[in-house]
Amino acid sequence: MAKKALLIVGHGSRYPYNKEIMELQKRRLEEMGFENVYIGFNETSHPFIGEAMEKMVSDGVDEVAAVPFFIASGLHMVRDIPPKLGLEAGSKEGEPVFLGRRMKVRFGDPFGKDPMLATILSEKIEETRKGSETAVIVVGHGSRLPYNKEIITLNAGRLKEMGFSNVFPAFNEFDGPDLKEVFDSCADGRFDEIIVLPLFISLGDHLKNDIPPKIRQKDGCPDCEIECAGRKVRVVYVPPVGEDPRLTDIFAAKAREMLRGRDMEALVLDMTHGGYIIAERLMDRGWGAACVDVYNVSSPECDARMAARGIQALDESPEKHFDAVFMPAHCPDSFIGKASFGRKHTFSDAVRMLMPDGLPFRVEVTGVKGKTSACYLIAHILDSCGKKVFLHTSRGQGPYSGGSHRVEAFRSIAPPMLLELPSEGYDVIVAEVSLGGSGRADIAAITNLADDYGIAKDTRKASDAKAQIFSQGINLVREDEKEFWEAKAPGTDLRTFGANCRALGAPRLGEPLRIGYSYGGRDYEADLPPDCLSLQYLPAIDIALRISEFMDVPADRVREALGTFRGVPGRGEVSKKGGQWFVKERNPGISHISIRMTMECLKEMGALDGCFVVVDPVSRKVCDKMKAPLIREVLDGYGVEYVITDGKGGEVDASGHKTVATFTKEAWQ
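Please read these numbers as outputs of a predicted model, since none were measured by experiment. (Residues numbered from 1 in each chain as written. Predicted model: local features only at pLDDT ≥ 70, side-chain atom pairs only at ≥ 80, totals over all residues. Heavy atoms only, no water.)

*Asks:* Just give me the short version of the sheet that holds strand β12 (residues 231-237), but keep the residues and values in it.
*Replies:* Ordered in space as β9-β8-β10-β12-β11, the 5 strands form an open sheet in which the pairing is mixed. Looking at the sheet topology across the chains shown, the edges are occupied by β9 (167-171) and β11 (223-228). Averaged over all pairs of adjacent strands, the angle between their axes in this sheet comes to 25°, without regard to strand direction. Sheet topology note: the strand β8 (residues 134-140)/β9 ladder contains 5 bridges and is parallel. Note that in β9 the partner of G140 across the bridge is F171. (Pairing = 2+ DSSP bridges. Helix = DSSP H or I, 4+ residues; strand = E, 2+ residues; numbered from the N terminus. Axes fitted to C-alpha atoms, helices over the stretch in contact; angles between N-to-C directions.)

Written out as C-alpha cells, the structure reads:
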C-alpha cells in the first residue's frame, strides 16, 4: 500500500510567528488523525520545502499532498514553489524523482476563496465593534499578479453580503487602493470606529512595521483612539487569521480530496428531517453522499427522490472515513456509529453553507412556544399592507393572501426544508423552524425559551440548536432572555421585544378582546375577534409588532390587521354549540407547558367553572410525546375535570359542562 503524506507549505519569515502557526496547524491535523504530516517553507525558515521532500523520501513516502498555507496565489505559488516540489513552474501535479525515489505530488490551491474565511472575518468584526458608525478595512499584501487583489475584493464583497455595509478593500503595496489613502478617507469621514482586518497568515515585517504607521496606530496598541478633525475615532487592528482552528478543517478537507484524487464524501444522518435534501444539494456540488435512515421511517417522497438520484439509504453508518458528517442537532453523536470523519455539521450549518444568494426577504422564527402563532400574525400583517407572502409552518406551507393561508403542501419544519422554499415570486418568506435555522435570515426571531429541554439523548440543550438561527441580519429575542442568549451566542447583535401588548378590561370567552400596545413610539388600541382565544396570542402579537416595526409597516395597517386576525386554524379556536363553549387546541406543540398557558387564559377569562378538559395524545408524526404525569399535575392544579384518552380517536362524553377544552397533539410531519 502506498504511503501518503501531507505537506503544509508556508512562506517563511525572520520572525518566529509564521513557523509557530504552521507547527500549531500540524499538531491539530495530527490530533484529527492525520499521519505523516510535514511542514516546509519557501524561504527563510527551516525546514525548506526541498529539505521536507528529502525527509519524506527517507521515511518511505510515495504520495504527497502539498497544501499551501497561503491566502492567495502569487509569484511564490506560480513560480517559486512548484520546482521545489519537483513540479514544473505553474504545474499542480506530477511524479518527480527525489533522491532516486519517484513520488506522486499534488499541489493544492490557497484557501482564500473558501467561504469559511469570510465567516471567520465576520466573527472578528462582531467580536470587535462597539461604535455606531463602523468602517471595516480588509487589508491585503498586494501583488504584481492579480490573484491577491481578487481574493481581498472577494472577501470584502462577501462581508457586505453578510450585512456589513461599510467594507473597504485596501493593499499594503503593489495594488490599489492604497491602505493609507483608504484609512485617511475613513478617518476623515463620518465613522467613529475603524476596524482594520489584515488578511495575512501571521505577524511579520508588513504587519509589525509597514501597516501600523498607515493606520496611525499608537505605540503598538491594537485598540486606540485617534483625533480626526476634532473627533475621536476608535481604531482596532485585528490579529491575522492563521491561528483559527477552522483553517485546520479547510486543510484537512483539501488534503483528503488531494490524496484520494476524487470528490469529497459526506455521511448524512436522518432522512426523516430532510437529510435527503442535504444529500442532493451536496451531490450538486460534486460530493458523494452516504445516507442513513436513523429512525427507519423515511417518507415515500424521500425514498423516491433518493432513488432518482441513485442515493442508497443505509440502516446504519458504515465503518469508513468521511470528509464530513451532517446531522440534525437533535441526533446524538452515537448515531454516527463506527464511521470516522473530518468535520461535523448540524443541518443548520449545512443550510447556511448550501443556501443560494439573492432569495426573497426572509423572516425565520423558532422558539419553544408560539412559533406558529407568531408566523401567522407576521404573514397576516404583511399581507394586509400588500406584500406577497409565502408562509411555511407546522400547519403546512403555501401563499398567505387575502387574510388566509392556502396550504399547498405539508412539510417538516426542520432546517433543511428552508432550502426548498420559493426562490422567487414572493416579497417575503415567513418560515417557522423547529431546532435551528439558516443563519442567513433577514430577521431571525426566537419566541421564548419556556423550557430548555434536553435533545440528542440529553447530551445537548434545545437552546444550543435554536441559537443557530442567529444571522448577520436582525436577531430578535425576549427582553428578559437577552442575557441568556448573549452568553449562548457571544458577539451576536441582539434586539429585543417585551411585554408590549396588554388586555384592556376583563376578557371574556366569546367576546372581542380590546388590547393596548405601543408601536413606533405611540400608543394604540385594537379589538381582537372573539372566535379565537385571543388572550393567548398576546405574546405572539408582541413579537409580530416588533418585526413589523423593523419592516416599516405603517401603524394603521398594523391596527387593521390585528382587528381581522382570527387566529391559527386549530389553535385556540372558540365556538359555541348547544349552550356549551368549545376551545380546541390541535398542534404538534401540545405539552404540559402549553396546556398550562391555555388554562391560565381560561382562568383569567372566568371560564374554569364547569370546565372539562380532554387530552388526546395522538402524537401522529410528531417526534416528542406528551408526558401524562406532568399534564395531570398541571390540570389538578386548576381543579378541573379531565380525561386523557388512549389516542385512538374515540368519543368522550362532555355533556353537562359549560366549557370543553380539547388538546390534541398532532402534526402532518
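*Asks:* Lay out the sheet that holds strand β29 (residues 513-519) in plain terms, naming residues and giving numbers.
*Replies:* Here we have 3 strands laid out as an open sheet, ordered β28-β29-β30, and antiparallel in their pairing. The open sheet has two edge strands with one neighbour each: β28 (502-503) and β30 (522-528). Lying on the sheet, helix α15 (residues 538-550) is in contact with β28, β29 and β30; it crosses β29 at an angle near 35°. Relative to β30, helix α16 (residues 555-564) is tilted by about 25°, and along the sheet it contacts β29 and β30. (Contact = heavy atoms within 4.5 Å.)

*Asks:* Explain the confidence of the model for the protein to me, using residue names and the numbers behind them.
*Replies:* Per-residue pLDDT for the protein has a mean of 89; in total, 97% of the residues score no lower than 70. Per-element confidence in the protein ranges from a low mean pLDDT of 78 for strand β33 (residues 611-620) to a high of 98 for strand β22 (residues 428-432). (pLDDT = per-residue confidence, 0-100.)

*Asks:* Tell me about unusual backbone geometry, residues and numbers included.
*Replies:* Of the consecutive residues H46 and P47, the connecting peptide bond is found in the cis state with omega at 0°. G176 connects to P177 through a cis peptide bond whose omega is 10°. Mapped onto the secondary structure, P177 falls in the loop between β9 and α6 (179-187).

*Asks:* I'd love a proper account of the packing of helix α9 (residues 275-284) against helix α10 (residues 300-308), names of residues and values included.
*Replies:* Between α9 and α10, the shortest axis-to-axis distance is 10 Å and the interhelical angle comes to 20°. Overall, the two elements α9 and α10 adopt an arrangement that is roughly parallel. In the packing of α9 onto α10, the handedness of the crossing is left-handed. Each of Y276, I277 and E280 in α9 lies in contact with α10, whose residues at this interface are E301, C302, R305 and M306. Residue composition of the contact of α9 with α10, by class: 4 nonpolar, no polar and 3 charged. (Parallel < 35°, antiparallel > 145°, perpendicular 65-115°, else oblique. Left-handed = near helix turned anticlockwise from the far one by under 90°. Nonpolar A, V, L, I, M, F, W, Y, C, P; charged D, E, K, R; others polar.)

*Asks:* Residue-level account of the side chain of E585, with values.
*Replies:* On the secondary structure map, E585 appears in strand β32 (residues 580-586). Leaving out residues up to four positions away in the same chain, E585 has contacts with Q536, G570, R571, G572, I590, T598, T662, F663 and T664.

*Asks:* So what about the side chain of D383? Which residues, and what values?
*Replies:* Secondary-structure assignment places D383 in helix α12 (residues 371-384). Comment: no salt bridge for buried D383; closest opposite-charge side chain is R557, at 9.7 Å. A polar atom in the side chain of D383 sits 3.2 Å from the backbone nitrogen of G402. The residues touching D383, leaving out its near neighbours within four places in the chain, are V389, Y400, S401, G402 and G403. (Buried < 20%, exposed > 50% of the residue type's maximum accessible area, 1.4 Å probe, protein only. Lys, Arg positive; Asp, Glu negative; His and termini not counted. Salt bridge = Lys/Arg side-chain N within 4 Å of Asp/Glu carboxyl O. Polar contact = N/O pair within 3.5 Å; in protein donor to acceptor, adjacent residues only side chain to side chain.)

*Asks:* Can you break down α12 residue by residue, with the values?
*Replies:* The end-to-end C-alpha distance of α12, which contains 14 residues, comes to 20 Å, matching closely the 20 Å that a straight helix rising 1.5 Å per residue would cover. Counting buried positions over the 14 residues of α12 gives 13, a clear majority of the element. One or two steps after α12, the chain reaches G386, where phi turns positive at roughly 90°. (Expected span 1.5 Å × (residues − 1).)

*Asks:* So what's going on with the pattern of salt bridges? Which residues, and what values?
*Replies:* Here the structure, examined in full by the defined rule, presents 38 salt bridges. With a closest N to O distance of 3.6 Å, E93 and R106 form a salt bridge. Here E93 is found in strand β4 (residues 93-94), whereas its partner R106 is found in strand β7 (residues 104-107), with 13 residues between them in sequence. The closest approach of N and O atoms between R460 and D333, which form a salt bridge, is 3.6 Å.

*Asks:* So what's going on with the environment of Y517? Which residues, and what values?
*Replies:* With respect to the helices, strands and loops of the structure, Y517 is situated in strand β29. In this structure the C-alpha to C-alpha distance between Y517 and I195, which are 322 residues apart in sequence, comes to 40 Å. Excluding anything up to four places from it in sequence, Y517 contacts N500, C501, R502, R522, D523, Y524, E525, A526, L545, V558, R559 and L562.

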